Amino acid sequence: MAILTIGDEFPEYDFQAVVGGVLSELPVNKEEDYFTRVRSADVPEGQWRLFIMWPKDFTFVCPTELAGIAGVYEDLQERHCDVVAVNTDSEYVHLAWRSRDELLKNVPFPLASDLTHDFLKAVGVLNRDGVCDRASFLVDPDNRVRFVSVDDGSVGRNAEELVRQLNALQSGGLTSCGWHPGEPTLDVFKAATNMVSLSI
């Protein structure tokens, strides 16, 4: 299936996941306390979502990306954007990986599992090797895709750019190349007037 693109409706999901938070501080009394469910049915009204997919646990680029997203997590939360991180590995593999990789011990968002591959096929990021591509989706409160990117397996995504994209989408205006919050959006009327006056 083709990858979802701008304006497409995002599919429903119901994942098993490792809970987010500082592993050493989790209130764990039994094995099940390490796990949770992440479901589209539980998304609150008005919530944006950043979906992060990565190829495999216990690899090299992937933990740097998840740590990078963890570093901007508060910025995303301030903008009413939650993080849904999912790939094809099981929640047990995620827990083992988080327990052993220093970059992942404090990841504040759950790491979810799509063992059936149904969701990853539906969004179009399950590749020919049977794992997901390094993909990012920003989904608005109307459940529509507003941003999508897929990176080569050897290239880590930029967490700050994902926050910038979210800010631009939430600005309500047209944003120029490299726009950042606090800068004006484009004045379409002024630009159109200037173009007309130049052509006379």
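Up top is the structure these notes are about.
Keep in mind it's a predicted model, so treat the numbers as computed, not measured.

Caption draft 1: Region of interest: the overall build of the protein chain. Summing up its helical and strand segments, the protein chain has six helices and seven strands in all. Put simply, the protein chain runs from its N terminus to its C terminus through helices and strands in the order β-β-β-α-α-β-α-β-α-β-β-α-α. With respect to the principal axes defined by its C-alpha atoms, the protein chain has extents near 75 × 35 × 35 Å. Looking at the protein chain residue by residue over its 200 residues, the buried ones come to 40%. For the protein chain, restricting intrachain contacts to residue pairs at least 6 apart in sequence, the fraction spanning at least 24 positions comes to 69%. Treating the 17 positive side-chain charges of the protein chain as one cloud and the 32 negative ones as another, the clouds have centres 2 Å apart.

Caption draft 2: Local environment of the nonpolar core. Core analysis: the largest hydrophobic core is formed by 24 residues, its most contacted members being L50, I52, L66, I69, L76 and F109. Listing elements by their share of this core, those giving two or more residues are β3 (48-53), α1 (61-71), α2 (73-78), β4 (81-87) and α5 (159-170). The greatest single-element share of this core, amounting to four residues, is contributed by α5. Apart from residues no more than four positions distant in its own chain, I52 is found in contact with L66, I69, V83, V84, A85, V86, A135, S136, R157 and L162. Listed in part, the 20 residues of the second largest apolar core include F10, F15, V86 and V125.

Caption draft 3: Geometry of the environment of D101. Mapped onto the fold, D101 is located in the loop between α3 (91-100) and β5 (111-113). The sequence separation of D101 and P63 amounts to 38 residues, and the corresponding C-alpha distance is 7.8 Å. In terms of polar contacts, D101 uses its side chain to reach the backbone amide nitrogen of L103, at 2.9 Å.

Caption draft 4: Broad picture of α1. Along α1, the residues classified as buried are C62, P63, E65, L66 and I69. All buried residues of α1 lie within an arc of 160 degrees about the axis, which places them on one face of the element.

Caption draft 5: Highlighting the environment of R49. Here R49 lies in strand β3. Among the residues examined, R49 registers a relative accessible area of 5% and is labelled buried. Along the primary structure R49 and V38 are separated by eleven residues, whereas in three dimensions their C-alpha atoms are 12 Å apart. In this structure the side chain of R49 is engaged in a polar contact, spanning 3.1 Å, whose partner is the side chain of Y13. In terms of polar contacts, R49 uses its side chain to reach the side chain of N143, at 2.6 Å.

Caption draft 6: Representation of the packing of aromatic side chains. Evaluation of the coordinates by the stated rule reveals twelve aromatic pairs. Ring plane angle 70 degrees and centroid distance 5.8 Å describe the contact between Y13 and F119, whose orientation is recorded as edge-to-face. Of the two residues, Y13 is situated in the segment before β1 (14-18) and F119 in helix α4 (residues 118-123); the sequence distance between them amounts to 106 residues. You'll find Y13 and F119 in the same group, each marked buried.

Each value, and the rule that gives it
- All chains use their own residue numbering, which begins from 1 and follows the written sequence.
- At least 70 in pLDDT is required for a residue's local features to be given in this predicted model, at least 80 for side-chain atom pairs to be given and counted, and no such filter applies to totals for whole chains, interfaces and linings, which use all residues.
- The side-chain numbers reported here are obtained from all heavy atoms of the structure, hydrogens and water having been left aside.
- A helix here means a DSSP run of H or I that spans at least four residues, while a strand means a run of E at least two residues long, and both kinds are numbered starting from the N terminus.
- Using a 1.4 Å probe on the protein chains alone, a residue whose accessible area is under 20% of its type maximum counts as buried, one over 50% counts as exposed, and one in between counts as partly exposed.
- Contacts were defined at the residue level, with two residues in contact if any of their heavy atoms lie within 4.5 Å.
- His is not counted, nor are the chain ends; Lys and Arg add positive charge and Asp and Glu add negative charge.
- Charged groups are reduced to one reference atom each: NZ for lysine, CZ for arginine, CG for aspartic acid, CD for glutamic acid.
- Definition of nonpolar core: a set of buried residues of the types Ala, Val, Leu, Ile, Met, Phe, Trp, Tyr and Cys, connected through side-chain atoms within 4.5 Å.
- Each polar contact in these results corresponds to two N or O atoms within 3.5 Å; when the atoms are within protein, one needs to be able to donate a hydrogen and the other to accept it, and residues that are neighboring in sequence are counted only if both atoms are side-chain atoms.
- Taken from the helix axis, the directions to the C-beta atoms give the arc we talk about.
- Aromatic rings from Phe, Tyr and Trp, with only the six-membered ring used for Trp, were paired whenever their centres fell within 6.5 Å, and each pair was classed as stacked if the ring planes differed by under 30 degrees, edge-to-face if by over 60, and tilted otherwise.

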